[in-house]
Amino acid sequence: MPTTSSLTIDHEGLGIPAGSYALPSRGAVDHLGEDTHGRFTEHFAGRLPLAALTAAEAAFLREYFFDQFADRRQRSLEYFGRNVPLRFRDATHDERAAAWAREVASDPHTARSVLVLGPTGTGKTHWAYGALRAVGHAGAWMPWKAVTEADLYARLRPRPGHDSEARFEEIARTQLLFLDDLGAAKPSEWAEEVIYRLVNYRYDHCLPSLFASNLTPKSLPDTLGARVASRLTQMCERIALKGDDLRLTRGQA
Ligand SMILES: Nc1ncnc2c1ncn2[C@@H]1O[C@H](COP(=O)(O)OP(=O)(O)OP(=O)(O)O)[C@@H](O)[C@H]1O
Ligand SMILES: [Mg+2]
């Protein structure tokens, strides 16, 4: 029996969230009866419908998979709690963020990335952290990294004794990346190349990313370069936030 699969599990029938799960070993199902392991093998191979399993077998599978979902969710939410900046620790998510998070949990390589656009203070960073939390709620264990474009350059700027390329790869390869304030840093040929390489890496490897920017859709190519703008347009769902600067209207500390 294979150890993991996302294709052969009847998520809907079992009432468990989409995603990949480890399948139970023979030892884990022995107590259900002699035939169970063979029936599960047939079931996961798509030759025996869920309805043909006994109620006890179906209940076992539901619980076996749900435990994995609950573990991943807990791990992910703990990671969020440890890594979210204090200001955004209570960031909430809306239905669009929840839907995106479910896609990421179901299959990170087919999930679209997200480009959050809007003027200063409309809640882009809040939205993105809310979406990162939502990924945890959706049951995906995915360690993420978050960095602003300006901090990215500061971290990668070549200097003696510092392996910039290794740092770049660490960030580029992260399973889930939030790149904030895109287009707000001081432009230079070097900076343009870094952003191109980063976006292109995420694009080529189908890695889910959240980007947030104050730029308007029209100004993306001029500010980020046509190659970056073209990739962002194809790989991202766009979320447009509107309204007043919440920092001024909410007046919080
Ligand atoms: N949905 C929300 N509920 C409660 N507070 C929010 C919400 N959205 C944003 N805020 C708060 O409003 C302020 C501005 O939000 P945020 O920093 O996300 O804006 P931004 O669009 O990223 O701004 P900038 O373009 O300057 O980076 C923050 O203090 C944030 O905590
Ligand atoms: Mg912001």
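Up top is the structure.
Residues numbered from 1 in each chain as written. Chains lettered and ligands numbered in written order. Predicted model: local features only at pLDDT ≥ 70, side-chain atom pairs only at ≥ 80, totals over all residues. Heavy atoms only, no water.

1. Points about the sheet that holds strand β4 (residues 144–148)
Then, number 1: In spatial order, the strands read β4-β5-β6-β3-β7; together these 5 strands make up an open sheet with parallel pairing. Looking at the sheet topology across the chains shown, the edges are occupied by β4 and β7 (236–240). Taking each pair of neighbouring strands and ignoring which way they run, the sheet shows an average axis angle of 15°.
Then, number 2: Pairing analysis gives 4 bridges linking strand β3 (residues 113–117) to strand β6 (residues 209–213), with the strands arranged parallel. Of the residues in β6, the one forming a bridge with L115 is F211.
Then, number 3: On top of the sheet, helix α9 (residues 189–204) reaches β5 (176–180) and β6; it is set at about 150° to β5, its chief contact.
Then, number 4: On top of the sheet, helix α11 (residues 226–235) reaches β3, β6 and β7; it is set at about 90° to β7, its chief contact. (Pairing = 2+ DSSP bridges. Helix = DSSP H or I, 4+ residues; strand = E, 2+ residues; numbered from the N terminus. Axes fitted to C-alpha atoms, helices over the stretch in contact; angles between N-to-C directions. Contact = heavy atoms within 4.5 Å.)

2. Some remarks on the pattern of salt bridges
Then, number 1: Per the counting criterion, the structure on display carries 9 salt bridges.
Then, number 2: A salt bridge links R39 to E57, with the shortest nitrogen-to-oxygen separation between them at 3.1 Å. Of this pair, R39 sits in helix α3 (residues 36–44) while E57 sits in helix α4 (residues 55–83), and the two are 18 residues apart along the sequence.
Then, number 3: By relative accessible area, E57 is classed as buried at 4%.
Then, number 4: Linking R47 and E42 is a salt bridge whose minimum nitrogen-to-oxygen distance equals 3.1 Å.
Then, number 5: With relative accessibility at 56%, the residue R47 sits in the exposed group.
Then, number 6: Since its relative accessible area comes to 31%, E42 is described here as partly exposed. (Salt bridge = Lys/Arg side-chain N within 4 Å of Asp/Glu carboxyl O. Buried < 20%, exposed > 50% of the residue type's maximum accessible area, 1.4 Å probe, protein only.)

3. As for the environment of A154
Then, number 1: One can find A154 in helix α7 (residues 149–156).
Then, number 2: Classification of A154 as partly exposed rests on a relative accessible area of 45%.
Then, number 3: Linking A154 and P119, residues 35 residues apart in sequence, is a C-alpha distance of 24 Å.

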